[in-house]
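Residue-level structural notes
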Amino acid sequence: DLALRMVRFPGEARFAERELVTGLNAARAVLESQALPSLLEGVLLLGNYVNAGCKTLSGAVGVTLESLCKLAHTRCAGAARQAPQTSAAVVDASPRPPLQPTPPQDRGLPPCANALHLLIRQLEVREPEIIDRLVEDLGHARAARDVDLSAIA
């Protein structure tokens, strides 16, 4: 049994190293992201705006992953009539104040399906390349979602 374990060890060590490197690359990508802070700042602003009337929830200073999930499941008015585009939205390049809404009909876009989609659309007004930057910055995080922690433990 010990001899068999010794034979398998190099392969298991290489597998564990690959999985750990994938996880470390994902963590590094999140920490070094230039786009993620913009998204999280928008989530914080939107959450504080929505919760302004609630004494215990207003004035938040941080964002949780749970709050991102809640935004993705918070439906927007008018979303039932039309499904959102799945690709990056085309944004009018004319200058606008930050986070000022551009009506979807002015850009030829359907209404937003959820609050996260609405937030991304608003961030695109300030930073038209935000979606591309998020996809680029978080590519390693996508690979890390398949890491099996129990297999390397």
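Not measured: the values here are computed from a predicted model.

**Re the overall build of the chain**
- A count of helical and extended segments in the chain gives seven helices and zero strands.
- A total of 153 residues make up the chain; the buried ones form 25% of that total.
- When contacts within the chain are restricted to residue pairs at least 6 apart in sequence, long-range pairs at least 24 apart make up 67% of them.
- With an accessible surface of roughly 10,700 Å², the chain has 60% of that area assigned to carbon and sulfur atoms.

**Description of the packing of helix α4 (residues 115-126) against helix α5 (residues 130-137)**
- Axis separation between α4 and α5 bottoms out at 9 Å; the angle between their running directions is 110°. Between α4 and α5, the interaxial angle falls into the category roughly perpendicular. Residues I120, L123 and E124 of α4 pack against I130, I131 and L134 of α5.
- A per-class count over the contact of α4 with α5 returns five nonpolar, no polar and one charged.

**Points about the environment of E127**
- Residue placement: E127 occurs in the loop between α4 and α5.
- Note on E127: relative accessible area 14%, which makes it buried.
- For the pair formed by E127 and A35, sequence separation is 92 residues and the distance between their alpha carbons is 9.3 Å.
- Among all residues touching E127, those that are not within four sequence positions of it are S38 and R133.

**Concerning α4**
- Between its first and last C-alpha, α4 extends 17 Å over 12 residues, near the 16 Å set by a 1.5 Å rise per residue.
- For α4, the set of buried residues is A115, L119, I120, R121, Q122, L123, E124 and V125.

**Some words on the pattern of salt bridges**
- The final tally for this structure, using the stated rule, is four salt bridges.
- The partner of K70 in a salt bridge is E66, with the nearest N and O atoms 3.7 Å apart. Residue K70 and its partner E66 are located together in helix α3 (residues 65-72), separated by four residues, close to a single helical turn.
- R133 is the partner of E127 in a salt bridge, and the nearest nitrogen-oxygen pair spans 2.7 Å.

**A short note on the environment of A153**
- Residue position: A153 is located in the segment after α7 (149-152).
- The exposed category is assigned to A153, whose relative accessible area is 91%.
- C-alpha separation for the pair A153 and A16, spaced 137 residues apart in sequence, amounts to 8.5 Å.

**Notes on the confidence of the model for the chain**
- For the chain, the average pLDDT comes to 78, and 79% of its residues sit at 70 or higher.
- No element of the chain has a lower mean pLDDT than α7, which averages 80, and none a higher one than helix α1 (residues 2-32), which averages 90.
- Segment residues 80-102: pLDDT under 50, and 34 contacts once partners within four positions in sequence are set aside and those in other chains are kept.

**With respect to the packing of helix α2 (residues 36-50) against α3**
- Packing of α2 against α3 leaves a shortest axis separation of 11 Å and a crossing angle of 70°. Here α2 lies roughly perpendicular to α3, going by the angle between them. Residue-level inspection shows L40, V43 and L46 of α2 in contact with α3, the latter providing S67, L68 and L71.
- Broken down by class, the residue content of the contact of α2 with α3 amounts to five nonpolar, one polar and no charged.

**Observations regarding the nonpolar core**
- One finds A35, L36, L39, V43, L68, L71, A115, L119, I120, L123, I130 and L134 forming the largest nonpolar core, which totals 12 residues.
- Counting residues per element, the ones that place at least two in this core are α2, α3, α4 and α5.
- Broken down by element, this core gets its largest block of residues, four residues, from α4.
- The residues touching I120, leaving out its near neighbours within four places in the chain, are L39, I131 and L134.

Cut-offs applied
- Residues numbered from 1 in each chain as written.
- Predicted model: local features only at pLDDT ≥ 70, side-chain atom pairs only at ≥ 80, totals over all residues.
- Heavy atoms only, no water.
- Helix = DSSP H or I, 4+ residues; strand = E, 2+ residues; numbered from the N terminus.
- Buried < 20%, exposed > 50% of the residue type's maximum accessible area, 1.4 Å probe, protein only.
- Contact = heavy atoms within 4.5 Å.
- Areas by Shrake-Rupley, 256 points an atom, 1.4 Å probe, with all protein chains shown as cover.
- Axes fitted to C-alpha atoms, helices over the stretch in contact; angles between N-to-C directions.
- Parallel < 35°, antiparallel > 145°, perpendicular 65-115°, else oblique.
- Nonpolar A, V, L, I, M, F, W, Y, C, P; charged D, E, K, R; others polar.
- Expected span 1.5 Å × (residues − 1).
- Salt bridge = Lys/Arg side-chain N within 4 Å of Asp/Glu carboxyl O.
- pLDDT = per-residue confidence, 0-100.
- Core = buried A, V, L, I, M, F, W, Y, C linked by side-chain atoms within 4.5 Å.

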